[in-house]
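Below are the chains, spelled out letter by letter.
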Amino acid sequence: MIWTLSLVALGGAVGSVLRYLTVLAVGAPLGTAVVNVLGSLVMGALFVALSARPGLSPLLMTGVLGGFTTFSAFS
């Protein structure tokens, strides 16, 4: 359990930094839309790709993409 929590925390830190840099580069209103659309597309692709390797899901989907998009607010 602690390993999974560590993966989510590490991924969340990476995703949050990526979100900050994206919004900083693009601008606030448009940057938020870009982040959420891009994150949703990547999450759909990862859902299919990681079906055979569910061990990476906490790091990439919940962590990185949760911190990158507003997915974490809905979960």
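As a starting point, this report considers the structure included with it. Only a predicted model underlies this, so the values are computations on that prediction, with no experimental measurement involved. (Residues numbered from 1 in each chain as written. Predicted model: local features only at pLDDT ≥ 70, side-chain atom pairs only at ≥ 80, totals over all residues. Heavy atoms only, no water.)

1. Looking at the packing of helix α1 (residues 2–26) against helix α3 (residues 57–68)
- Across the interface, α1 lies against α3 with an axial gap of 6 Å and an inter-helix angle of 35°. Considering only the axes of α1 and α3, their crossing is right-handed. The residues of α3 that touch α1, namely those facing Thr4, Leu7, Val8, Leu10, Gly11, Gly12, Val14, Gly15, Ser16, Leu18, Arg19 and Thr22, are Pro58, Leu59, Thr62, Gly63, Val64, Gly67 and Phe68.
- Residues belonging to the contact of α1 with α3 are distributed by class as follows: nine nonpolar, nine polar and one charged. (Axes fitted to C-alpha atoms, helices over the stretch in contact; angles between N-to-C directions. Helix = DSSP H or I, 4+ residues; strand = E, 2+ residues; numbered from the N terminus. Left-handed = near helix turned anticlockwise from the far one by under 90°. Contact = heavy atoms within 4.5 Å. Nonpolar A, V, L, I, M, F, W, Y, C, P; charged D, E, K, R; others polar.)

2. Comments concerning the nonpolar core
- Counting residues in hydrophobic clusters, the biggest one holds seven residues: Val35, Met43, Leu46, Leu50, Met61, Leu65 and Phe68.
- Counting residues per element, the ones that place at least two in this core are α2 (28–49) and α3.
- Not counting residues up to four positions away in its chain, the partners in contact with Leu46 are Leu60, Met61 and Leu65. (Core = buried A, V, L, I, M, F, W, Y, C linked by side-chain atoms within 4.5 Å. Buried < 20%, exposed > 50% of the residue type's maximum accessible area, 1.4 Å probe, protein only.)

3. Here we look at a nonpolar patch on the surface
- Where nonpolar side chains cluster on the molecular surface, the patch consists of Val26, Leu30, Val34, Leu38 and Val42 and spans about 380 Å² of accessible area.
- Secondary-structure assignment places Leu38 in helix α2. (Patch = residues over 30% accessible without salt bridge, like charges linked within 9 Å, V, L, I, M, F, W, Y side chains within 5 Å. Areas by Shrake-Rupley, 256 points an atom, 1.4 Å probe, with all protein chains shown as cover. Salt bridge = Lys/Arg side-chain N within 4 Å of Asp/Glu carboxyl O.)

4. A few points about the environment of Leu24
- Mapped onto the elements of the fold, Leu24 is located in helix α1.
- The exposure class of Leu24 is exposed, given its relative accessible area of 59%.
- Distance in space between the C-alpha atoms of Leu24 and Met1 is 35 Å, their sequence separation being 23 residues.

5. Notes on the environment of Leu60
- Position of Leu60 among the secondary structure elements: in helix α3.
- Setting aside chain neighbours within four positions, we find Leu60 in contact with Leu46, Leu50 and Leu65.

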